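Structural characterization, general
In case you want the letters, here they are:
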Amino acid sequence: MNASLKNFCFALSGIVILLLFACSRNKTENRSQSSDSGRPPQTETVSGRTSTVSSARGLYLIEQNGRYGLVKKDGNGQKAIIPAEYDKLDWRNWKSGSSLYFFASKNGRTSLFAEDGSVLLADYEEIGFENNGTDFIRIKTKGKYGILSPDLQTILPPEYEKLSNWVNVSAHGLGFGFENTGYMLVFKNRRLGIARLSDGKLVVPAAFDDINYHNGVFIVEDNRARFGAYSLNGDELLPVRWQALNNWNPEVFAVCDNDKCIIKNLKTGQETVVGTSFRRLRVYGAYLLSGSAVYDQSGHKLC
């Protein structure tokens with residue numbers, strides 16, 4: 001064998017050895033990667049000062065560098081549920097106490113989290129439960145308020161400047177607490193209305209300066225100091241045209257317009273003129289005081 005052929009064989013042998021070495025290394029790396037991919041994911045562990053939210057559920061509030069989050073503790077350590085990046089973190093039971101829900105706020109924005117860390121509502125100006133008696137949620141976005149149902153469906157769209165559970169205390173009767181009835185006072189374009197929370201219906205349009213509840217009806221007043229009445233279902237019982245208005249019940253009213261006062265029975269259609277002094281039109285129990293005269297509901301002058 002001549003020298004050039006020897007050199008060629010030697011070089012070829014070296015290349016083969018290098019190729020075999022490379023193949024062996026690739027197989028080793030592939031086996032290693034395959035083994036790693038079959039391992040379960042590692043639990044993310046976090047550290048920081050914790051306080052109990054619910055020991056039964058293994059949930060704890062965690063503080064890290066002045067920011068708050070939520071962790072779940074088990075035998076493998078503690079796992080981040082809500083990252084510790086919020087200025088404030090509150091929680092409460094919701095939907096008959098079946099689970100905990102978390103209000104997380106930072107930089108003036110609030111999000112609502114479920115117990116497992118899933119985001120239910122994100123990046124609102126305000127989120128809060130309407131009151132302790134319902135599961136309705138009040139939201140605020142772009143400076144306007146709205147109401148969501150327990151399943152996060154829109155009841156009142158966020159288009160109101162203000163929402164309230166209370167109608168003003170009437171001069172002729174008791175105040176009306178809506179948290180016990182499912183109604184809400186709404187403010188839109190600086191006017192008042194009444195919304196029903198069961199379906200979001202405006203039973204009284206947002207068009208009035210004042211609204212009071214009295215003896216089963218909403219008595220409204222416009223910007224000209226004229227009065228009218230609406231039923232709880234949103235029916236206009238009396239148009240907004242009267243200088244004074246009072247009632248015994250949703251069917252019998254005392255109203256004044258210009259030079260006369262009338263007892264109106266909406267059920268029978270009967271009308272009885274009872275005087276002219278609308279400035280002293282008051283219902284007291286079963287009686288009407290009009291000026292210095294006293295009448296019963298049928299319009300009979302008693303004295």
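Bear in mind the structure is a predicted one, so any value in this text is a computation, not a measurement.

Taken together, 4 strands build an open sheet; the order of strands is β13-β16-β17-β18 and the sheet is antiparallel. Each having just a single partner strand, β13 (162-164) and β18 (202-208) make up the two edges of the open sheet. Between one strand axis and the next, the sheet turns through 20 degrees on average, direction left out of account. Here 3 bridges tie β13 to strand β16 (residues 183-188), and the two strands are oriented antiparallel to one another.

Take the environment of Glu221 next. As for its position among the elements, Glu221 is in strand β20 (residues 217-221). Between the C-alpha atoms of Glu221 and Arg241, which are 20 residues apart in sequence, the distance is 9.2 Å. Beyond its immediate chain neighbours, meaning those up to four positions away, Glu221 contacts Phe208, Asp209, Asp210, Arg226 and Phe227.

Within the protein, residue pLDDT values average 76, and 66% of them lie at 70 or more. Contacts from residues 1-44, a stretch scored under 50 in pLDDT, to residues over four places away or in other chains number 5 contacts. Confidence over residues 167-180 falls short of pLDDT 50; this stretch has 37 contacts with residues more than four positions distant or in other chains.

What follows is about the pattern of salt bridges. Within the structure shown, the criterion is met by 12 salt bridges. With a shortest N-O distance of 3.6 Å, Asp90 and Lys88 are connected by a salt bridge. Asp199 is the partner of Arg196 in a salt bridge, and the nearest nitrogen-oxygen pair spans 2.9 Å.

Basis of the calculations
- Sequence order sets the numbering: in each chain, residues are counted from 1 along the sequence as written.
- Confidence filtering applies because this is a predicted model: local features only for residues at pLDDT of at least 70, side-chain atom pairs given and counted only at 80 or more, and all residues used for totals across whole chains, interfaces and linings.
- Water and hydrogen atoms play no part in the side-chain values, which are based on all heavy atoms of the structure.
- Here, strands pair whenever DSSP counts at least two bridges between them.
- By the criteria applied, helices consist of DSSP H or I runs no shorter than four residues and strands consist of E runs no shorter than two, each listed in order from the N terminus.
- Inter-axis angles, ranging from 0 to 180 degrees, are taken between N-to-C directions of lines fitted to C-alpha atoms, where helices are fitted over the stretch in contact.
- Contacts are residue-level and defined by heavy atoms, with any inter-residue pair within 4.5 Å sufficient.
- The quantity known as pLDDT measures the predictor's confidence residue by residue, on a range of 0 to 100.
- Only one rule defines a salt bridge in this text: a Lys or Arg side-chain nitrogen within 4 Å of an Asp or Glu carboxyl oxygen.

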